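Residues per chain, in single letters:
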Amino acid sequence: MDGYSQKLLRDWFVELETPPGFRAELIEGELLLNPLPIGKHEHCISGTLSQIYRNSRADMMFSGSKGLTLGNADGLPQDHVIPDGTFVTRADRLFRGAPPWMPCEGVHMVMEVTGFRPSADREIKRRCYARGGIPLYLLIDRETRQSTLFRDPQNDDYRDHDTRPFGTPLPLPTPFEFELDTSDFL
């Protein structure tokens, strides 16, 4: 896709009016239109969030609907992704005054809980977050019943990951510095 086409697609996407009950993302040149999540999905997000607020070494802030602009795959427009969870430190104040689609610099971790398209969370979004240089990507995979923390982004992927079955604690590094209890995800 040439630069002009990339810009047209990106500009069209940014102005898109999403139908009620859906959220839209532009990922690797593809428009993803997903319905709002079900209760089990939200249960995993809420459980993770409450643990981070209670146990994290750093004072963290969370957004469940923050659009992030990331990198782009070769020949495709810039990725626009809405993670299930975006975590930043309160001291950085990144959400204050941020545009609807904010740059990902300063984001410490993003989280996805598998939903209607688990392969997108496992593969496509992982590549997007790595391209964006987001240090940590937490994937809670309801289908495989395991949690994975991806670390050390380089180019289009993460160089390291730690996968644990639900019920086994998952260590979260700095700035969180505690073990995430995944037993309630069962």
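These figures come from a predicted structure and were not determined experimentally.

A few points about the packing of aromatic side chains
Right, on to step 1. Under the counting rule described, the total for this entry stands at 7 aromatic pairs.
Right, on to step 2. Pairing F87 with F176 gives two aromatic rings, centres 6.1 Å apart and planes at 90 degrees, and the pair type is edge-to-face. Taken together, the positions of F87 in strand β6 (residues 85–89) and F176 in the loop between β12 (170–172) and β13 (178–180) put the pair 89 residues apart, joining distant regions of the chain. Each member of the pair, F87 as well as F176, is classed as buried.
Right, on to step 3. With 5.5 Å between their ring centres and 75 degrees between their planes, F166 and F185 make a pair best called edge-to-face. A residue pair is termed long-range when its members are at least 10 positions apart, and F166 in the loop between β11 (157–165) and β12 and F185 in the segment after β13 qualify at 19 residues. Taken individually, F166 and F185 each receive the classification buried, so the pair is uniform in this respect.

Details of the layout of surface pockets
Right, on to step 1. In this model, the largest pocket occupies a volume close to 250 Å³.
Right, on to step 2. What lines the largest pocket is a set of 19 residues, and nearest its centre among them are N34, H41, G115, F116 and D121.
Right, on to step 3. Of all the secondary-structure elements, those providing two or more residues to the lining of the largest pocket are β1 (22–27), β2 (30–35), β8 (109–113) and α3 (118–131).
Right, on to step 4. Tallied by class, the residues present in the lining of the largest pocket amount to 8 nonpolar, 3 polar and 8 charged.
Right, on to step 5. The calculated volume of the second largest pocket comes to roughly 170 Å³.

Things to note about the nonpolar core
Across soluble globular proteins, nonpolar side chains have a tendency to be buried as a group.
Right, on to step 1. Ranked by size, the top nonpolar core spans 21 residues in total, and within it L70, Y129 and I134 carry the most contacts.
Right, on to step 2. Elements with a minimum of two residues in this core: α3 and β9 (136–141).
Right, on to step 3. A per-element tally of this core places α3 first, with 5 residues.
Right, on to step 4. In contact with L70, other than residues within four places in its own chain, are Q78, D79, V81, C104, C128, Y129, G132 and I134.
Right, on to step 5. One finds C44, L136, L170 and F178 within the second-largest nonpolar core, a separate group that totals 20 residues.

Here is what the cut-offs are and how they apply
Residues numbered from 1 in each chain as written. Predicted model: local features only at pLDDT ≥ 70, side-chain atom pairs only at ≥ 80, totals over all residues. Heavy atoms only, no water. Phe/Tyr/Trp six-rings, centres within 6.5 Å; stacked < 30°, edge-to-face > 60°. Helix = DSSP H or I, 4+ residues; strand = E, 2+ residues; numbered from the N terminus. Buried < 20%, exposed > 50% of the residue type's maximum accessible area, 1.4 Å probe, protein only. 1 Å grid on protein atoms, 1.4 Å probe; cavity = no way out; pocket = protein on both sides within 12 Å on 5 of 7 lines; lining within 4 Å. Points joined across faces, edges and corners; volume = space filled by probe spheres on them. Nonpolar A, V, L, I, M, F, W, Y, C, P; charged D, E, K, R; others polar. Core = buried A, V, L, I, M, F, W, Y, C linked by side-chain atoms within 4.5 Å. Contact = heavy atoms within 4.5 Å.

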